[in-house]
Amino acid sequence: MKSLISFREALNLALVKEMESDPSVFVFGLDVDDHKSIFGSTDGLVEKFGGERCFGTPLSEDAMTGVALGAAMSGLRPIHVHIRADFILLAMNQIGNMMSNLRYMSGGKLTIPLVVRAVIGRGWGQSAQHSKSLHGVFAHFPGLKVVLPTTPQDGYSLLRSSIRDNNPVIFLEHRWLYDIVGDVDDERVVPLGQAAVLHEGDAMTLVCSSWMNVEALKAAKVLARRGLAVEVVDVRTVSPLDEQTIVGSVKKTRNCIVADYDWIFCGFGAELAALISQRCFGCLERPVERLGFAPVPCPTTRPLENLFYPSALTIIRAVERLFGLEEADLNGEPFYSYEQRFKGPF
Amino acid sequence: MKKEEALSLYRKLVLIRQAEEKIRQEYLKDEMKTPVHLGIGAEGISVGVCHCLPAGSRTFGTYRNHALYLTVTGDVDGFFAELYGKLLGPGKGKAGSMHLSAPECGLMATSAVVGTTIPVAVGAALAEAYKGTSGTVVVFFGDGAMEEGVFWESLNFACLKHLRVLFVCEDNGLAIHAHAGGRRGFRSILEAVAAFDCYHAGGDGSDVPAVIRCTRRVLHRMSEQPKPAFLHFSYLRFLEHVGPKEDFDVGYRRRPSREESARLDPVLRFEKELLRIGCTLDDLEAVRTAVKEQVRHGVEAAQNAPFASPMELYTDVLA
Ligand SMILES: Cc1ncc(C[n+]2csc(CCOP(=O)(O)OP(=O)(O)O)c2C)c(N)n1
Ligand SMILES: [Mg+2]
């Protein structure tokens, strides 16, 4: 069945479907069972499935991550939820020393089917401790899968695939995506490890993660008006990475900008740039360009926060610079602004 | 308590209350682009504890830090400048409400990640012992922070090393919307802490004189024989977890009765005390009027102040 729903509803629907079809799936974490239900994504789960399958926890991220791991090794499919990815840093021991290693160290005897869901991205002055993406950090560890959906359909399909996957999956959801509405076909399966071409073009490939896809699509529209057809590739899963789709696109366009929703230095963008430089060396017309956060902690105040984050405009200016074009006059161009949509306090 | 001392405490309480009531009004205009965790109901704890601290003490806190910041610094203009994201704020607007600090006044750091300043305060106390200085270090945190392993690890280490650190638990019985009963597998906070080699005491955080008595007692014992101390103060969080509104009607807790509200409001309660010791209604009114002007000025100055220049984005990252 197809329906027009928001990203948050899509996540909720995926949880409901998986909990209906598999009694070993359960959802836990701070605040999953309160009236705000993680920005609506866990809405109604307690009512439908009871407090044994959807429950809040003490503030104990490290221990709760170990609890998820133990439950997963024992035949359950836990989904551990964090309202901000920054809090997963408290659980890095369980993730980096245990979760990612146990299967390997057991000689393949252990199976660890669990999902860690976390919200990333901007809000109302989220500042340095509530804004990290961390996908590059997680993907650095062999033994973890890392997923960053962008569209409501992918939110739905990739969450279902993540829950069904027999490995630990870190699933990162951008806060602004929650309000984005799109068609969701509830039968559509999207396996982990496949990128998606969101917009076709032959002049330049924009390889993007999470919210940067939304910015890139806007940039593609603006650039199309001056005859530049850029291709937008949504990586969708950071690990495993769909090298084929990315490399295929760059071989076609011979130009590439990597726009990652994270810091640039030592980040996932560096991995992409290295991959593309290596696999497309002969056909690149210029070095791969990288866009990302400014190399500072995320500031609270809005004018600096706006400079911290890359945007459609950043992408457009980078494309113009690389092609030696004059900067288009974009005064009056409506860019995505959350001023009208997103209000405080959180 | 002497009248003069009591009136100076009252001034602090009123300043914090009026500043936060002002935030409640102004916040709806969407100009303060920072999440605000208001402490209406909790003012008595920061004010009472800090009142007892010897000069040179250092403090640490959480995102619910407005009372702590204002009581330690008295810096109304800087406070509002930070909330409006302006350059003249203590963090140049980079910090926002959740991360206020003023190291020059001993307020070393506050943090929006629960429990994270607790071991840092212990480290500051270790430095005092290491250098042979006798400064007191205080860390304020919510009851939820005690569910983090780091609280117990920090307490254990501080006790082991006999550090002069004061742990202050501001217990509102809630972590966002989750009640204590759904989060704690132990019977009582004070009982659990009592197993450690530290001084401990507790009481009603809405009762400022009681907070002061309690704090003085443990500080005195700490000065006689250095050991950590743990203070537990309960209070009512009058507003929603984050944001300017009340939330008694959304279903997870009941609205307090009029009598409860009056009893649990540290400002109203302290007014009774002031009248009891001989202050007049005019004395109180004079304080409120002076503070009102201070708050009005702070907000107006902040609204008209400049933001940081774009280059400020890149400053202050490394020494
Ligand atoms: C480590 C961590 N986990 C989760 C959160 C999200 N969170 C913010 S405040 C809060 C509740 C904390 O309760 P408590 O410590 O009692 O402080 P209070 O807000 O009641 O003052 C939670 C869970 C966080 N900020 N940090
Ligand atoms: Mg609390």
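Residues numbered from 1 in each chain as written. Chains lettered and ligands numbered in written order. Predicted model: local features only at pLDDT ≥ 70, side-chain atom pairs only at ≥ 80, totals over all residues. Heavy atoms only, no water.

The next thing to look at is the state of the cysteines. In protein structure, a disulfide is the covalent linkage between the sulfur atoms of two cysteines. Residues and elements named next belong to chain A. Scanning the model with the defined rule gives zero disulfides over all chains in all. Free of any disulfide, cysteine 283 has its nearest cysteine sulfur in cysteine 280, 4.9 Å distant. Free of any disulfide, cysteine 298 has its nearest neighbouring cysteine sulfur in cysteine 208, separated by 20 Å. (Disulfide = S-S within 2.5 Å.)

In the neighbourhood of ligand 1, 20 residues make up the surrounding shell, with A:Glu61, B:Arg64, B:Asp143, B:Gly144 and B:Asn172 lying closest. Around ligand 1 the close residues trace back to chains A and B. At 3.2 Å from an oxygen atom of ligand 1 is found a main-chain nitrogen or oxygen belonging to B:Ala145. Calculation on ligand 1 without its partners gives an accessible area of 580 Å², and the protein chains cover 96% of this total. (Near = heavy atom within 4 Å. Polar contact = N/O pair within 3.5 Å; in protein donor to acceptor, adjacent residues only side chain to side chain. Areas by Shrake-Rupley, 256 points an atom, 1.4 Å probe, with all protein chains shown as cover.)

A word on the nonpolar core. Of all hydrophobic cores here, the largest spans 177 residues; its most connected members are A:Phe138, A:Leu206, A:Ile276, B:Phe80 and B:Leu166. It is helix H1 (residues 3–27) of chain B that contributes the most residues to this core, ten residues altogether. Residues lining this core come from more than one domain, with at least three contributed by each of domain 1 (2–185) and domain 2 (196–341) of chain A. With sequence-adjacent residues up to four places away left out, A:Leu206 is seen in contact with A:Ala216, A:Val230, A:Glu231, A:Val232, A:Val233, A:Ile257, A:Ile315 and A:Val319. Within the second largest apolar cluster, 23 residues are counted, among which are B:Phe60, B:Val122, B:Ala125 and B:Cys169. (Core = buried A, V, L, I, M, F, W, Y, C linked by side-chain atoms within 4.5 Å. Buried < 20%, exposed > 50% of the residue type's maximum accessible area, 1.4 Å probe, protein only. Helix = DSSP H or I, 4+ residues; strand = E, 2+ residues; numbered from the N terminus. Domains from an automatic or database assignment. Contact = heavy atoms within 4.5 Å.)

A word on the pairing of strand E2 (residues 25–28) of chain A. Remark: a regular strand shows side chains that alternate across the two faces of the sheet. Residues and elements named next belong to chain A. Residue alternation in E2 divides its side chains into two sets, Val25 and Val27 and Phe26 and Phe28, and both sets are buried. Here E2 runs beside strand E4 (residues 77–82); their pairing, made up of four bridges, is parallel. Note that in E4 the partner of phenylalanine 28 across the bridge is histidine 80. (Pairing = 2+ DSSP bridges.)

Another point: the sheet that holds strand E1 (residues 58–62) of chain B. Picture the strands of a sheet paired through backbone hydrogen bonds; they go either parallel or antiparallel. All names here are of chain B. The strand order E2-E1-E3-E4-E8-E7 describes an open sheet built from six strands, whose pairing is parallel. If you trace the sheet from one side to the other, it starts and ends with strand E2 (107–111) and strand E7 (199–204), each paired once. Averaged over neighbouring strand pairs, the angle between their axes works out to 15 degrees when direction is ignored. As paired strands, E1 and strand E3 (residues 137–142) are joined by three bridges and run parallel to one another. (Axes fitted to C-alpha atoms, helices over the stretch in contact; angles between N-to-C directions.)

Positionally, A:Ser162 belongs in helix H7 (residues 152–164). The contacts of A:Ser162, once residues within four sequence positions are left out, are A:Val115, A:Val147, A:Val169, A:Phe171 and A:Leu192.

Residue and element names in this part refer to chain A. With five of five residues buried, strand E11 (residues 230–234) lies mostly within the body of the structure. Residues Val230, Val232 and Asp234 of E11 are buried on one face, and the alternating residues Glu231 and Val233, pointing to the opposite face, are buried as well. Looking at chain direction, strand E9 (residues 196–199) and E11 are connected through three bridges and run antiparallel. Looking across to E11, one finds that histidine 199 is bridged to valine 232. Here strand E10 (residues 204–208) runs beside E11; their pairing, made up of five bridges, is parallel.

Attention now moves to the interface of chain B and chain A. Counting from both sides, the interface comprises 38 residues of chain B and, opposite them, 34 residues of chain A. Where chain B packs against chain A, one counts zero salt bridges. On inspection of chain B and its partner chain A, the count reaches 14 residue pairs in polar contact (both at pLDDT 80 or more). A per-class count over the side of chain B that touches chain A returns 19 nonpolar, eleven polar and eight charged. (Salt bridge = Lys/Arg side-chain N within 4 Å of Asp/Glu carboxyl O. Nonpolar A, V, L, I, M, F, W, Y, C, P; charged D, E, K, R; others polar.)

Here we take up the packing of aromatic side chains. Going through the model one piece at a time under the given rule, you end up with 23 aromatic pairs over all chains. Plain terms: the ring middles of A:Trp176 and A:Trp211 are 5.1 Å apart, the flat faces sit at 80 degrees to each other, and that makes the pair edge-to-face. With A:Trp176 in the loop between strand E7 (169–174) and strand E8 (181–185) and A:Trp211 in the loop between E10 and helix H8 (212–224), this pair connects stretches of sequence that are 35 residues apart. Taking the relative accessible area as the measure of exposure, A:Trp176 reaches 5% and is therefore buried. Taken together through their ring pairs, the aromatic side chains of B:Phe141, B:Phe151, B:Trp152, B:Phe167, B:Phe186, B:Phe196 and B:Phe230 make up a single cluster. The residue whose ring lies beneath A:Arg175 is A:Phe39, and the NZ or CZ to ring-centre distance is 3.9 Å. (Phe/Tyr/Trp six-rings, centres within 6.5 Å; stacked < 30°, edge-to-face > 60°. Lys NZ or Arg CZ within 6 Å of the ring centre and 35° of its normal.)

Further remarks concern helix H6 (residues 149–160) of chain B. All names here are of chain B. In a regular helix each residue adds 1.5 Å, so twelve residues correspond to 16 Å; H6 covers 17 Å between its end C-alpha atoms and thus fits that length. Residues of H6 that are buried include every one of Phe151, Ser154, Leu155, Ala158 and Cys159, and no others. Along H6, the residues classed as buried sweep out an arc of 130 degrees about the axis, all on the same side. Facing away from the buried side of H6, by more than 90 degrees, are the exposed residues Glu153 and Leu160. Following H6 by one or two positions, histidine 162 has its phi on the positive side, about 50 degrees. (Expected span 1.5 Å × (residues − 1). Arc of directions from axis to C-beta.)

Here we take up H7(A). Residue and element names in this part refer to chain A. Between its first and last C-alpha, H7 extends 18 Å over 13 residues, near the 18 Å set by a 1.5 Å rise per residue. Burial runs high along H7: twelve of the 13 residues are buried. Among the residues of H7, Pro152, Gln153, Asp154, Gly155, Tyr156, Ser157, Leu158, Leu159, Arg160, Ser161, Ser162 and Ile163 are the ones counted as buried.

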